[in-house]
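Coordinate analysis (summary)
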Amino acid sequence: MQLTVSIGQYSDTGARPRNEDFHGAATPVSGQLAAKGVMLAVADGVGGHGGGREAAESAVRSVLSDYYATPETWGVADALNRVILPLNRWVQTHGARNRETAGMATTLSILVLRGKRYTIAHVGDCRIYRLNSNGLRQLTTDHVWDLPDMRHVLKRAIGLDSQLQVDYAEGELQAGDVFVLLSDGVWEPLGQRGIHEVLALFHNPQMAAADLIRRAHLQGGRDNATAVVARVDALGEDSYTGLVAEARHLVLPPRLKPGERLGDFEGLALLQRCPHGSYQLADPDGTLIDVAQYH
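A brief structural summary. (Residues numbered from 1 in each chain as written. Predicted model: local features only at pLDDT ≥ 70, side-chain atom pairs only at ≥ 80, totals over all residues. Heavy atoms only, no water.)

What about the packing of helix α4 (residues 184-201) against helix α5 (residues 205-218)?
Relative to each other, α4 and α5 sit at 140°, their axes nearing to 9 Å. The angle between α4 and α5 places the two elements in the oblique class. In this structure, α4 crosses over α5, and the sense of that crossing is right-handed. For the pair α4 and α5, contact is made by G185, V186, P189, L190, I195, E197, V198, L199 and L201 and by A208, D211, L212, I213, R215 and A216, respectively. Residue classes in the contact of α4 with α5 are distributed as 11 nonpolar, one polar and three charged. (Axes fitted to C-alpha atoms, helices over the stretch in contact; angles between N-to-C directions. Helix = DSSP H or I, 4+ residues; strand = E, 2+ residues; numbered from the N terminus. Parallel < 35°, antiparallel > 145°, perpendicular 65-115°, else oblique. Left-handed = near helix turned anticlockwise from the far one by under 90°. Contact = heavy atoms within 4.5 Å. Nonpolar A, V, L, I, M, F, W, Y, C, P; charged D, E, K, R; others polar.)

In structure tokens form, the structure reads like this:
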């Protein structure tokens with residue numbers, strides 16, 4: 001089975017003189033789809049004289065190309081991190097070369113759908129939501145100052161600081177999941193209830209993306225507004241790297257005692273006591289195996 005995702009994208013300048021949002025999606029084919037997955041990204045640029053737009057566009061174009069050039073043996077979060085950190089240095093350096101683009105920066109929210117799992121990389125105040133049978137849930141945290149009159153001031157963004165901290169999260173996919181990536185020009189005027197209404201109304205992701213923007217402006221939104229909507233139509237098979245990523249979440253068993261069972265194995269005797277403990281186990285055919293317990 002191959003991962004199948006339907007995608008819709010829409011962006012509008014609104015009442016602003018220029019659109020400093022940028023968005024994109026990549027759906028590779030055949031082996032690369034299984035190994036690297038589908039990527040969606042939204043960025044909201046900051047900075048005058050077009051610097052914000054340049055930062056946002058550079059960020060999205062870079063991650064959409066550079067991620068797929070990373071080795072297939074790297075985990076998704078690791079690959080994204082190795083792409084985003086050099087991008088942060090580039091935006092900082094590029095902004096410092098030109099007085100007109102000084103201070104250019106951008107938010108960046110990325111969603112990668114691969115096999116049966118999703119991974120998020122996020123910095124700034126764009127948002128990623130997930131809609132399924134459990135309702136609509138916000139998956140990201142806004143990196144803004146939680147003070148009166150400063151809730152639009154970013155404390156984390158690409159190019160804002162030499163030491164960039166990116167939020168990463170991952171989880172299991174379900175067929176029928178709907179994900180939406182939004183700039184603040186959409187989620188702020190609509191609120192979670194308004195977003196939920198649109199996603200529940202439209203099965204077609206493109207129609208949902210366009211209606212999110214339309215309603216955001218009807219609700220008084222004057223900012224640039226961008227929406228990327230993705231519906232998971234079918235799950236893919238787990239790749240080797242996907243299985244390794246899932247294994248990282250397994251919990252180690254408790255310290256075994258002689259006579260206790262672990263799956264098809266039974267602990268027969270304690271060979272020696274050491275900081276981690278070592279056990280002699282027997283499988284069903286009587287074969288003895290030495291196992292170290294890591295605690």
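Having seen the structure, we can now continue with the description.
Points about the side chain of E20
Structurally, the position occupied by E20 is in the loop between β1 (4-12) and β2 (21-26). E20 sits in the buried class, given a relative accessible area of 13%. Sequence-distant contacts of E20, defined by excluding residues within four places in its chain, comprise A43, D44, G45, G47, G50, G52, R53, A56 and N224. (Buried < 20%, exposed > 50% of the residue type's maximum accessible area, 1.4 Å probe, protein only.)

Quick word on the pairing of strand β11 (residues 225-234)
The buried fraction of β11 amounts to nine of the 10 residues, a majority that puts the element mostly inside the structure. Bridge count for β1 against β11 is nine bridges, and the pairing is antiparallel. Of the residues in β11, the one forming a bridge with Q9 is V228. Note that strand β10 (residues 178-182) and β11 share five bridges and pair antiparallel. Bridge assignment links L182 to a residue of β11, and that residue is A227. (Pairing = 2+ DSSP bridges.)

A closer look at the layout of surface pockets
As a volume, the largest pocket reaches approximately 410 Å³. What lines the largest pocket is a set of 20 residues, among which D44, G45, V46, H152 and D184 lie closest to the centre. Looking at the lining of the largest pocket, the elements with two or more residues in it are β3 (38-46) and α4. When its residues are assigned to classes, the lining of the largest pocket shows six nonpolar, six polar and eight charged. (1 Å grid on protein atoms, 1.4 Å probe; cavity = no way out; pocket = protein on both sides within 12 Å on 5 of 7 lines; lining within 4 Å. Points joined across faces, edges and corners; volume = space filled by probe spheres on them.)

Focus on the packing of helix α2 (residues 51-66) against helix α3 (residues 76-97)
Packing of α2 against α3 brings their axes to within 10 Å, and their N-to-C directions diverge by 150°. As far as their axial angle goes, α3 and α2 are roughly antiparallel. In terms of crossing hand, the pair formed by α2 and α3 is right-handed. The residues of α3 that touch α2, namely those facing E54, A55, S58, A59, S62, V63 and D66, are V83, I84, L87, W90, V91 and H94.

Examining the sheet that holds β10
The five strands are arranged β1-β11-β10-β7-β8 in an open sheet whose pairing can be described as antiparallel. Each edge of the open sheet carries a strand with a single partner, namely β1 and β8 (135-138). Pairs of neighbouring strands in the sheet enclose a mean axial angle of 15°, with direction left out of account. Bridging between strand β7 (residues 127-132) and β10 involves five bridges; their strand directions are antiparallel. Of the residues in β10, the one forming a bridge with R130 is F179.

So, the nonpolar core
Among the nonpolar cores identified, the biggest contains 29 residues, and M39, V63, L80, I84, L108 and I110 are the most heavily contacted of them. If you list the elements that add at least two residues to this core, you get β2, β3, α2, α3, β5 (108-114) and β6 (117-123). In terms of residue count, α3 provides more of this core than any other element does, seven residues in total. The next biggest cluster of nonpolar side chains, apart from the first, holds 20 residues, and it includes L131, L136, W187 and A216. (Core = buried A, V, L, I, M, F, W, Y, C linked by side-chain atoms within 4.5 Å.)

Comments concerning the side chain of T140
Relative to the assigned elements, T140 resides in the loop between β8 and β9 (167-172). Classification of T140 as buried rests on a relative accessible area of 7%. If we ignore the near neighbours within four places in the chain, the residues touching T140 are I120, H122, C126, R127 and I128.

A short note on α5
Across its 14 residues, α5 extends 20 Å between first and last C-alpha, which sits within 8% of the 20 Å expected from 1.5 Å per residue. Those residues of α5 not exposed but buried are P205, A208, A209, D211, L212, I213 and A216. Where the residues of α5 are buried, they touch β1, β10, α4 and β11. Capping the start of α5 is the job of one residue whose side-chain oxygen sits 2.8 Å from the backbone nitrogen of Q206: N204. Among the residues trailing α5, G220 stands out with phi positive, at a value near 100°. (Expected span 1.5 Å × (residues − 1). Polar contact = N/O pair within 3.5 Å; in protein donor to acceptor, adjacent residues only side chain to side chain.)

Functional significance is not addressed by these values, which are geometric in nature.
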